[in-house]
Amino acid sequence: MTIQMKTGLLASAAMGALVATAAPVAAETSLTVVSWGGAYTASQQRAYHEPYMEQNPDVTIINDDGSANALAGLRAQSQAGNVTWDLVDMLPSDAQLACEEGLILQIDHDEMLAAAPDGTPASEDFLPGSLGDCFIPQIVYSTVLTFNTEMFPEDQQPSSIADLFDVENYPGRRALQDRPGTNLEWALYADGVHPDEIYDVLRTPEGVDRAFAKLDTIKDHLVFWTEGSQAPQLLADKEVAFSTGYNGRMFNAAEVEGQPFQIIWDGQVVEWDGWVVPAGGNNVEAVMDYLYWATDSQRLADQAKYISYGPARASSGELVSTHADLGIDMNPHMPTHPDNYQTPIILDNEFWTDYGDELRERFASWMLN
Amino acid sequence: MAQATIAQTDAVTSSGSMITASGEPLKVSLARAERRKRLTAFFLVVPLLIFILITFIIPIGDMALNSVRNPEVVTYLPRTADAIQEWDGQGLPDEVVFEALVEDLREGMGTPAIGRVGARLNYEKSGMRSTMQRAGRAARQLEPPYRETLVERDATWGEPGTWRVIQRESSPFTLSYFIAALDRTYDDEGNIVQVREDQRIYVQLFIRTFMLSLVITALTLLLGFPIAYLMAHQPARIANLLMILVLLPFWTSLLVRTSSWIVMLQQQGVLNDLMVLVGLIGDDGRLLMVYNQTGTIVAMTHILLPFMVLPLYSVMKTIPPSYMRAARSLGANQWTAFWRIYVPQTTAGIGAGGVLVFIISIGYYITPALVGGQSGQMISNFIAFHMQRSLNWGLAAALGTILLAAVILLYYLYNRIIGVDRLKLG
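What you see is a predicted model; the values in this text were computed from it and never measured.

Draft legend 1. Quick peek at the overall build of chain B. Looking only at helices and strands, chain B has 21 helices and 4 strands in total. Here chain B has a C-alpha radius of gyration of 32 Å; the compact-globule value for 426 residues is 22 Å, and the former is much larger. Counting only C-alpha atoms and orienting by the principal axes, one finds that chain B spans roughly 95 × 95 × 35 Å. Counting the 426 residues in chain B, one finds 34% classified as buried. Within chain B, residue pairs in contact and separated by at least 24 positions form 66% of the contacts whose partners lie at least 6 positions apart.

Structure representation (structure tokens):
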């Protein structure tokens, strides 16, 4: 209890400091928006926060980069009875758990969210399967395999997930994320399982053994990354030849920084990311007003000007234009672009909330030995 | 004060015991004066005591309690927890238990109750979270006999194992977290057994944490002893310069120091580039020195070096040089004089530095997380993982409590073997 309270106190102290610095702007409402930081928060700042604050001078939006531990933060704030976050960007699996524990508000999508420009209600406009009881999706992102083109001869460039597991033809070290999600899926996919059947196989103990056996074949060539920013760094430093990573970060490294990276869209693991509203916050009304505006078709399409994540609304697809600074067409870089969306694996959040605890321990044990 | 009382003593009673001027026995007067002194001293440290109590003792005690606290099933499935006590663990429980569960579920639906119980039971049996959610959603439409209808909807309810878990966890305190923290689990008969070999992590992590800490302590001693010796035996000007060189990294941000080690040690890093340049290794034979155990050991040894050097230096400063000269003049050669006369006098510093470095490294977190890769991870990284990511605070608390107990045990052993009063921290 005290530990939770301490975190709560710390968070509120940090909040207090932020509010104090923001006070001279004469804001009547200040909203604390928790997100992932880095290029991602920057894209939200430019696409959502800044235009919204311009229209509503009485609202100040403060960014907090706490999304990596959002579930822990929500739980701690709820138990301490001091909810300081107004809006949180999180993954659907965590949102599902938070929703079941009553930490975040239920959302009536058609009531609370804007319809598409042609009048399609929100519940039909958001991509199928993306809405949750408490979850409003913003983007489709994917975990993709990427390689450094300079690490392979020109006539021998990898092109599929199977090549990740082929150390003979594609030598070099590989960087994987240090958790089972996406890695087990790819092991089975490379072992010949159809993307639609991967989770059925993983639900059986034999399927899990099969995935680990496949991973064993490349174990001596593996490095593991934890934070999203490490993956492009390892590739750029040529510490590894292949790395898995978030497609937006890889886009950033390749297009903005000019690194010789090539994304392999084969077997991309697709997932949503979006907003949840903490229960018991002080500014629920203001947050709802913000959400209605920030999740409409145009705003979601606008975010794609700054980062290569696909908007979660069908009606936003045709509104996606060019990168704000580079001027290149963003469409071919979207995970949802038809050319890229050939063999996607849709991350099964239900599966990971059920089996995550057990598989994470097994994966940790596998990494150690 | 006590001295004043003694000075006033001018009478001795006939029985031989001393009394003060006011006619009081000296013993009593002395005791009172002593008590007053102790009280004053106590009041002076009260603020610190309260501070330590609030910021240290209570949180740690609470953390330790978290590792056995088990309120979920009792609080959120009260009827089930009550009814299942009668069950003998054979086959499936009676309809009464199923009915109690359905009633609990009906009441809990729409509140956080089912989510919390589901999350708790999922630690013990994968899949329980969604099983609870599905049952919760269906509870309203279920018709008796519940035993048949529930099992029909979800085969998990037909497994005796499911009910054994619920029965086991339906008491307000549990040992499950400690059992999990020691890579153990319950089998079908309720015996505690080791988990599958490919799921064991914590025991070997504890062992690795202690081994790494020992290696790091030994390395800091090996590197720190000559520096401290040099500092203690150079003229003040040079000694001060050396001191600054030791302290400068100490004052630099931990993250900066750790990141610089990544730059130094990585495959395309400074050290590898240098070795390739001078032809020590080929371009394809670059060494892996970071994102593994080597990285953790190198970076932590560097970061913790001042904790060894400072106590050593302060002890060496006090060793009179005449002892060594005396040994030499009595016929010892340089080595014997050093080893038999000088080194034994530094044990207080070695002990202090050793204990300091060892205990700090056992709980080290950020450096292994950044440069340790997989083989350089320590137990604290997993405690943080369970605190922040998996949210299994009970397991995190159990791991933390075990670590704390190990440190206390080591400290006790140190006290028995070497003696804490011989510690000299500077």
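Draft legend 2. The domain arrangement of chain B, seen in detail. Segmentation of chain B into domains returns domain 1 (2-66), domain 2 (71-174) and domain 3 (202-422). The gap between the C-alpha centroids of domain 1 of chain B and domain 2 of chain B is 59 Å.

Draft legend 3. Region of interest: unusual backbone geometry. Residues and elements named next belong to chain B. Each neighbour pair has its own omega, and for Pro-144 with Pro-145 the value is 0°, a cis peptide bond. Looking at the element boundaries, Pro-145 is found in the loop between helix H7 (128-138) and helix H8 (146-153). For Asp-183, which is not a glycine, the phi torsion comes out positive at approximately 60°. Relative to the helices and strands, Asp-183 resides in the loop between helix H10 (176-181) and strand E3 (184-186). A count of 20 C-beta atoms within 10 Å places Asp-183 in the buried class. Residues other than glycine seldom take positive phi values, yet Tyr-291 does so here, at roughly 65°. Within the secondary structure, Tyr-291 is located in the loop between helix H14 (270-277) and helix H15 (293-317).

Draft legend 4. Representation of the confidence of the model for chain B within the structure. Residues and elements named next belong to chain B. Per-residue pLDDT for chain B has a mean of 88; in total, 95% of the residues score no lower than 70. Taken as a whole, residues 1-11 scores under 50 in pLDDT and shows 15 contacts with residues more than four places along the chain or in a different chain. Taken over the whole predicted complex, pTM reads 0.81, whereas the ipTM for its chain interfaces reads 0.75.

Draft legend 5. Up close: the packing of helix H16 (residues 321-329) of chain B against helix H17 (residues 334-345) of chain B. Residues and elements named next belong to chain B. H17 packs onto H16 with a crossing angle of 135° between their chain directions and a minimal axis gap of 10 Å. Considering their axes alone, H16 and H17 lie oblique with respect to each other. Handedness of the crossing formed by H16 with H17: right-handed. From H16, Tyr-323, Met-324, Ala-327 and Arg-328 reach across to H17, where they touch Ala-337, Ile-341 and Tyr-342. Residues of the contact of H16 with H17, tallied by class, amount to 6 nonpolar, no polar and 1 charged.

Draft legend 6. Inspection of the pairing of strand E6 (residues 222-225) of chain A at higher detail. All names here are of chain A. A one-sided burial pattern is seen for E6, the buried positions being Val-223 and Trp-225 and the unburied ones Leu-222 and Phe-224. Here strand E5 (residues 174-177) runs beside E6; their pairing, made up of 4 bridges, is parallel. Bridged to Gln-177 within E6 is Trp-225.

Draft legend 7. Representation of the packing of helix H11 (residues 202-233) of chain B against helix H12 (residues 236-251) of chain B within the structure. Residue and element names in this part refer to chain B. Direction vectors running N to C along H11 and H12 enclose 145°, while the axes themselves pass 8 Å from each other. In terms of crossing hand, the pair formed by H11 and H12 is left-handed. Residue-level contacts link Ile-227, Leu-230 and Met-231 of H11 to Ala-239, Leu-242, Met-243 and Val-246 of H12. A breakdown of the residues in the contact of H11 with H12 according to their chemical character gives 7 nonpolar, no polar and no charged.

Draft legend 8. Looking closely at the confidence of the model for chain A. Model confidence for chain A is summarised by a mean pLDDT of 88, while 93% of its residues fall at 70 or above. The model gives residues 1-27 of chain A a pLDDT under 50, and that stretch makes 34 contacts with residues more than four places away or in other chains.

Draft legend 9. Examining the interface of chain B and chain A more closely. Of the residues lining the interface, 33 residues belong to chain B; the matching set on chain A comes to 31 residues. Elements supplying a minimum of two residues to the side of chain B that touches chain A: helix H2 (26-66), helix H6 (113-124), H7 and helix H20 (379-388) of chain B. The leading source of residues in the side of chain B that touches chain A is H6 of chain B, at 7 residues. Looking at side-chain class alone, the side of chain B that touches chain A contains 11 nonpolar, 17 polar and 5 charged residues.

Draft legend 10. Representation of helix H15 (residues 349-368) of chain A within the structure. The largest bend in H15 of chain A is about 65°, located at Tyr-355 of chain A. Most of H15 of chain A is tucked away: 16 of the 20 residues are buried.

Draft legend 11. View of the environment of Trp-352 of chain A. Residue and element names in this part refer to chain A. Mapped onto the fold, Trp-352 is located in helix H15. Sequence-wise, Trp-352 and Asp-94 are 258 residues apart; in three dimensions their C-alpha atoms are separated by 10.0 Å. Setting aside residues up to four positions removed in sequence, Trp-352 forms contacts with Ser-93 and Gly-181.

Criteria and thresholds
- Residues numbered from 1 in each chain as written.
- Chains lettered and ligands numbered in written order.
- Predicted model: local features only at pLDDT ≥ 70, side-chain atom pairs only at ≥ 80, totals over all residues.
- Helix = DSSP H or I, 4+ residues; strand = E, 2+ residues; numbered from the N terminus.
- Rg over C-alpha atoms; globule rule 2.2 N^0.38 Å.
- Buried ≥ 20, exposed ≤ 12 C-beta atoms within 10 Å, placed from the backbone.
- Contact = placed C-beta atoms within 7 Å.
- Domains from an automatic or database assignment.
- pLDDT = per-residue confidence, 0-100.
- Axes fitted to C-alpha atoms, helices over the stretch in contact; angles between N-to-C directions.
- Parallel < 35°, antiparallel > 145°, perpendicular 65-115°, else oblique.
- Left-handed = near helix turned anticlockwise from the far one by under 90°.
- Nonpolar A, V, L, I, M, F, W, Y, C, P; charged D, E, K, R; others polar.
- Pairing = 2+ DSSP bridges.
- Bend = angle between axes of the 7 residues up to and from the residue.

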